[in-house]
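# Descriptive structure summary
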Amino acid sequence: MAKEVVNPDEPVVVGEELDRVRIITLNRPRHLNVISSEVVYLLAEYLENWEKDEQPQLILIKGAGRAFSAGGDLKMFYEGRKSRDSCLEVVYRMYWLCYHIHTYKKTQVALVHGISMGGGASFMVPMKFSVVTEKTVFATPEASIGFHVDCGFSYILSHLPGHLGEYLALTGARLNGKELVVAGLATHFVPLERLPELEKHLISLNDGNENAVKATIEEFSLNVQLDEDSILNKKQIIDECFSKDTVADIIKSFEMEARKEGNEWIGPILKGLKRSSPTGLKVTLKSIREGRKQTLAECLKKEFRLTMNILRTTISADVYEGIRALTIDKDNAPKWDPPALDQVDDEKIDLVFQPFTEDLELKIPEQEDCRWDGKYENSVYAK
């Protein structure tokens with residue numbers, strides 16, 4: 001597995017048991033709580049043990065420091081680029097874990113301040129209750145670096161109203177706390193200054209009853225009203241442009257809208273879209289469109305195939321070039337291969353979506369009585 005640097009004196013995930021309350025703290029604050037292999041392993045272990053405990057419980061998850069989670073550890077992926085499948089284990093474990101977070105049997109509350117991006121947001125959006133603040137920032141920017149929306153987001157985004165999902169996936173646009181609630185990606189908005197008090201009340205509630213938890217959160221939450229310039233107020237334009245069949249047609253339609261009076265907001269977004277990996281954009285659009293017709297399990301299996309094919313540079317090495325430009329050299333000048341949308345072969349895009357042989361697929365348990373089966377260590381990859 002790709003090497004990661006972790007201080008052995010500081011657990012990357014802290015799990016606490018307070019009577020009937022269980023608290024998970026993502027604990028890599030200096031690294032914005034990015035997700036490493038150890039983070040995934042510990043989260044899965046805690047959640048499985050707590051779900052199997054017959055005592056009713058409330059599960060709280062939060063991030064240490066100024067971020068909830070900035071998503072996957074990009075440097076870990078980059079450092080493993082020359083060793084085939086060095087990150088396969090963490091990818092397998094993460095997507096397997098995502099399924100269990102979506103289908104968890106006990107009441108979960110995410111207390112989300114600061115950055116919640118990419119895979120990090122998969123610890124927020126699927127929760128029964130996700131509490132955001134005025135400091136919360138959400139985005140799924142993977143396509144821009146030659147990757148694709150993963151960790152269940154090809155399912156989540158594809159089921160948003162209209163074509164907001166395509167917009168968020170392709171542009172990597174950010175949403176604030178109020179926008180997350182209105183879009184249905186979070187359940188409650190609580191001012192940051194009241195978040196510690198809410199946490200104390202949930203702990204003192206000492207009860208996993210869903211209605212009791214909801215009532216407690218609602219004592220602190222505010223009704224939200226979108227800012228006038230919110231992207232969610234541009235629904236008609238987004239649906240018109242991002243409903244087009246291809247990335248090229250989406251960009252062309254967006255360019256036409258940008259020329260109209262009052263649409264100056266489109267310019268910076270369009271510029272970012274054009275700077276993104278052409279391969280990443282095409283893979284992402286296809287994945288979102290397929291996601292509308294797929295179950296959560298089907299989406300996660302598809303995302304596993306896409307991720308492994310992308311990391312194996314099956315059709316392009318853009319993901320490593322994107323990470324290099326963003327986080328290694330930080331020159332923000334990626335050289336994409338191919339460099340333009342019309343040079344990306346659709347047949348090659350189809351190639352990374354092809355099913356693996358059954359033994360190499362991500363194992364999502366289908367029977368309730370064995371829902372924690374399918375672990376990495378029991379897969380053909382571990383052998």
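Residues numbered from 1 in each chain as written. Predicted model: local features only at pLDDT ≥ 70, side-chain atom pairs only at ≥ 80, totals over all residues. Heavy atoms only, no water.

## Some remarks on the UniProt feature "domain: Enoyl-CoA hydratase/isomerase" (unreviewed entry) in the protein chain
What counts is decided by this rule: UniProt positions are given in the numbering used here, feature names are shortened, and annotations may be inferred rather than shown by experiment. By the criteria applied, helices consist of DSSP H or I runs no shorter than four residues and strands consist of E runs no shorter than two, each listed in order from the N terminus.
Feature annotation in UniProt assigns "domain: Enoyl-CoA hydratase/isomerase" (unreviewed entry) to the following positions: residues 21–353. Within residues 21–353, the helical portion is 46% and the strand portion 11%, while the C-alpha atoms at the span's ends are 41 Å from each other.

## Observations concerning the layout of surface pockets
We apply this condition: Put simply, the grid is 1 Å and covers the protein atoms alone, a cavity is a trapped set of points that fit a 1.4 Å probe, a pocket is an open set with protein on both sides within 12 Å along at least five of seven lines, and lining residues have an atom within 4 Å of a point. Grid points are joined across faces, edges and corners, and a volume is the space filled by probe spheres set on the points. The classification used treats Ala, Val, Leu, Ile, Met, Phe, Trp, Tyr, Cys and Pro as nonpolar, Asp, Glu, Lys and Arg as charged, and all other residues, Gly among them, as polar.
For the second largest pocket, the calculated volume is near 240 Å³. Taken together, the residues of the lining of the second largest pocket break down into 5 nonpolar, 1 polar and 7 charged.

## Focus on the sheet that holds strand 6 (residues 115–117)
The following threshold applies: Any two strands are treated as partners once DSSP identifies two or more bridges connecting them.
Read from one edge of the open sheet, 4 strands run 4-6-8-9, paired in mixed fashion. Looking at strand neighbours, the two that pair on one side only are strand 4 (67–69) and strand 9 (175–176), the edges of this open sheet. Sheet analysis places strand 6 next to strand 8 (residues 137–139), joined by 3 bridges and oriented parallel. Each bridged residue has a counterpart across the sheet, and for isoleucine 115 the counterpart in strand 8 is valine 137.

## Considering the sheet that holds strand 3 (residues 58–63)
Pairing is mixed across the open sheet formed by 6 strands, whose spatial order is 1-2-3-5-7-10. The open sheet terminates on both sides in strands that have one partner only, identified here as strand 1 (13–18) and strand 10 (188–189). In terms of strand pairing, strand 3 meets strand 5 (residues 107–112) through 5 bridges, oriented parallel. Bridging from a neighbouring strand, lysine 62 pairs with leucine 111 of strand 5.

## Let's talk about the packing of helix 3 (residues 88–102) against helix 13 (residues 296–311)
Packed helix pairs are specified by the crossing angle of their axes together with the interaxial distance, meaning the distance between the axes. Spelled out, the test is: Structural elements are reduced to axes, namely lines fitted to C-alpha atoms, with helices fitted over the stretch in contact, and the angle between N-to-C directions of any two is expressed from 0 to 180 degrees. In this scheme, roughly parallel covers angles under 35 degrees and roughly antiparallel covers those over 145, while 65 to 115 is roughly perpendicular and the rest are oblique. Crossings are sorted by hand: turned counterclockwise from the far helix by less than a right angle, the near helix makes the crossing left-handed, and turned clockwise it makes it right-handed. The contact criterion used is simple: two residues touch if any of their non-hydrogen atoms lie within 4.5 Å.
Interhelical geometry of helix 3 versus helix 13 gives an angle of 165° and a closest axis separation of 10 Å. By the angle between their axes, helix 3 is roughly antiparallel relative to helix 13. When the axes of helix 3 and helix 13 are compared, the crossing they make is right-handed. Residues Leu88, Val91, Tyr92, Tyr95, Cys98, Tyr99 and His102 of helix 3 form the contact with helix 13, whose own contacting residues are Leu296, Ala297, Leu300, Glu303, Phe304, Thr307, Met308 and Leu311.

## Notes on the side chain of arginine 324
Note the cut-off: Here a polar contact is recorded for every N or O atom pair within 3.5 Å, except that within protein the pair must consist of a potential hydrogen donor and a potential acceptor, and residues adjacent in sequence are included only if both atoms are side-chain atoms.
Looking at where arginine 324 falls in the secondary structure, it is placed in helix 14 (residues 318–328). Side-chain polar atoms of arginine 324 contact the side chain of glutamate 321, separated by 2.9 Å. Excluding residues that lie within four positions of it along the chain, arginine 324 makes contacts with Tyr78, Asp329, Lys330, Asp331, Ala333 and Pro334.

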